[in-house]
Amino acid sequence: MQIPAPFDYVRASTIDDALDLLARHGTESRVVAGGHSLLPMMKLRLARPECLVDINDLFELDFILRDGDQLRVGALTRHTALLESAEVARLFPIVTDAERVIADPVVRNRGTIGGSLCQADPAEDLSTVCDVLRAVAVIRGATGERSIPMSEFHRGPYETAVAQDELLCELRFPIRPRSGSAYEKVERRVGDWAVGAAGAAVSLAEDGSIDAASIGLTALGLDHIVAEAEAVLRGEQPREELFQEAGRLAAAASDPVADQRGPIDYKRHLADELTRRVLRRACARAAQTQEG
Ligand SMILES: Cc1cc2nc3c(=O)[nH]c(=O)nc-3n(C[C@H](O)[C@H](O)[C@H](O)COP(=O)(O)OP(=O)(O)OC[C@H]3O[C@@H](n4cnc5c(N)ncnc54)[C@H](O)[C@@H]3O)c2cc1C
């Protein structure tokens, strides 16, 4: 049986309390939210925190809230809440698409968006989704609050801009008119991590041309965003040849590794095919959407 190394456990009652506990217990303390990533790593002794600071009582971090032209999502929001939110499905169907294929109900009932992003596993789905939606991360530490774009959030595999004594508090998603988004993932079996996945978000101008587009890949290289493919879409009318060109560019920009989930050629093929599919669906959804 795998058991973690000994550790202390404390339960925070407010955000300030959590920050205080992290500071007091020093560099070997770690936040625990749903525990679905951290606890398996502790059992495998890949992580050996001396103290866990449990943030599950911080209900102020568990919300989905429309605030003007943005949707605010607290870091402690569970996968299930995102999956079941009608507002999320209406404004950002890419999130609902992704949540449907993340793990299983047991993981989704406890796992949080904050834990997923802070874990920063290269095969993790919500990082790509947040990148594609150009979300902003709100982080709090002892010296105050800062907001950073998702483009500055990931520092590498399992590394983010959130310091050991800070808390990711919320994600802010800009709402754009006439926009649509989609996510598609290939997995070996239901609930598994991605062999490869792609996400896209587009907004359309009055004349139906693509005003802005973003494309992201999961598990197909360390960079999520495919800027080369985004550039060819801007100002163009959505059409099949354009999606094909974007797919080709996404495949060229992808940098997958061969592993038990498949060889490099197959994964490049996924980057191409999945990019086309999500663009098709994102554009169709945008055409049906009038309002943000
Ligand atoms: C069987 C299984 C299958 C899975 N399949 C998928 C999948 O298909 N796709 C996918 O994307 N994911 C998958 N996951 C991962 C799952 O989504 C994550 O484990 C989970 O959502 C992480 O969230 P958590 O709240 O459990 O984080 P925790 O395990 O509690 O924490 C993870 C890390 O984030 C830090 N952290 C947590 N919250 C904060 C915060 N607010 N501020 C600062 N740091 C914080 C912790 O200190 C820790 O380092 C799977 C997991 C399992 C166990």
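Everything numeric here is computed off the predicted structure, so don't read it as measured data.

**Student:** Is there a simple way to think about the sheet that holds strand E1 (residues 8-11) in this case?
**Tutor:** Strand order in the open sheet formed by 3 strands is E1-E3-E2, with parallel pairing between adjacent strands. Both outer strands of the open sheet, E1 and strand E2 (29-32), are each paired with one neighbouring strand and no more. Geometrically, the sheet is characterised by an average inter-axis angle of 25 degrees between neighbouring strands, direction not taken into account. Relative to strand E3 (residues 51-54), E1 runs parallel, the two sharing 4 bridges. Note that in E3 the partner of Arg11 across the bridge is Asp54.

**Student:** Looking at this structure, I do not really get the site of the ligand. What am I missing?
**Tutor:** Near the ligand there are 27 residues, and of these Gly34, Gly111, Gly114, Gly115 and Cys118 occur at the shortest range. Here the shell around the ligand takes 5 residues from helix H7 (residues 113-119), the largest share from any one element. Its residues assigned to classes, the shell around the ligand comprises 14 nonpolar, 10 polar and 3 charged. Inspection of the shell around the ligand shows a minimum of three residues originating in each of domain 1 (8-54) and domain 2 (59-174).

Conventions used here
- Residues numbered from 1 in each chain as written.
- Predicted model: local features only at pLDDT ≥ 70, side-chain atom pairs only at ≥ 80, totals over all residues.
- Pairing = 2+ DSSP bridges.
- Helix = DSSP H or I, 4+ residues; strand = E, 2+ residues; numbered from the N terminus.
- Axes fitted to C-alpha atoms, helices over the stretch in contact; angles between N-to-C directions.
- Near = placed C-beta within 6 Å.
- Nonpolar A, V, L, I, M, F, W, Y, C, P; charged D, E, K, R; others polar.
- Domains from an automatic or database assignment.

Interpretation note: all reported values are geometric properties and have no functional meaning in isolation.
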